[in-house]
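# Close look at the chain arrangement
The residues making up each chain are set out below.
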Amino acid sequence: MKRFLVLLVAFVSLSAFAQDVATPSSSIKFGYLSYKAAIQSMPDYSLVQQQMIELKAKYQAEAKRVEDEFNRKYEDFLEGQRDFPKSILQKRQSELQELMNYNIAFKNKSLEQLARDEEAAYAPLYDKLNEVLAAIGQEQGYAFILDTDVKALPFINPAMGEDINQAVKNALTAE
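The sections below set out a description of the structure shown in this document. (Residues numbered from 1 in each chain as written. Predicted model: local features only at pLDDT ≥ 70, side-chain atom pairs only at ≥ 80, totals over all residues. Heavy atoms only, no water.)

## Let's talk about the sheet that holds strand β3 (residues 161–163)
Strands in a sheet are paired, the pairing made by backbone hydrogen bonds, and the direction either parallel or antiparallel. With respect to topology, three strands assemble into an open sheet ordered β2-β1-β3, the strand pairing being parallel. What marks the edges here is a single partner per strand, and that holds for β2 (144–147) and β3. On average, adjacent strands in this sheet sit at an angle of 30 degrees to one another, irrespective of strand direction. Note that strand β1 (residues 30–33) and β3 share three bridges and pair parallel. Looking at β3, one finds that phenylalanine 30 is bridged to glycine 161. (Pairing = 2+ DSSP bridges. Helix = DSSP H or I, 4+ residues; strand = E, 2+ residues; numbered from the N terminus. Axes fitted to C-alpha atoms, helices over the stretch in contact; angles between N-to-C directions.)

Structure follows, in structure tokens:
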């Protein structure tokens, strides 16, 4: 967000300066696009999504397995708690508490790992998109390219900025 604000201030300053000293034909140009739509238009996007669905399913299956194991042990504990001597009762309670703590730790760790795996899986797509954006930006002479997904741009003057969504999709699918 800070980066966007700095960029916006710089753009407003440059625009004001350009309007004061430059001719209309030399004003600053910029491109804008939906970054999300561009990523989703990439041929490898559906493959990465499928890989992430499969990975999430594996984590969910393991979480379900450990939850079922806990539930089974808890039911066994409830069935026998009246008959257990105090030391066995305390031992079983301690085992259940440890198992519950382990399950919570596993869920938290798996969510963190899944987020890292997802970031790593999508990284090549983001790198490729950024390369395409840099090439388009250089080719078209843009001062910068804005991502319209951040909802911080309620208005873009089409006389100053160009919608590059289709150009980006074409470049991504051509490779």
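## A word on the packing of aromatic side chains
Summed over all chains, the structure comprises seven aromatic pairs. For the pair phenylalanine 30 and phenylalanine 144, a centre-to-centre distance of 5.5 Å together with 10 degrees between the ring planes defines the contact as stacked. Of this pair, phenylalanine 30 sits in strand β1 while phenylalanine 144 sits in strand β2, and the two are 114 residues apart along the sequence. Grouping residues by exposure puts phenylalanine 30 and phenylalanine 144 together as buried. Each ring, one from tyrosine 45 and one from tyrosine 122, has its centre 6.0 Å from the other, and the planes form 45 degrees; the classification is tilted. With tyrosine 45 in helix α3 (residues 45–80) and tyrosine 122 in helix α4 (residues 86–140), this pair connects stretches of sequence that are 77 residues apart. Since its relative accessible area comes to 14%, tyrosine 45 is described here as buried. When its relative accessible area of 8% is taken as the criterion, tyrosine 122 is described as buried. Through successive ring pairs, a cluster of aromatic residues spans Tyr35, Tyr45, Tyr122 and Tyr126. (Phe/Tyr/Trp six-rings, centres within 6.5 Å; stacked < 30°, edge-to-face > 60°. Buried < 20%, exposed > 50% of the residue type's maximum accessible area, 1.4 Å probe, protein only.)

In short, the description is geometric, and any link to function would need to be established separately.
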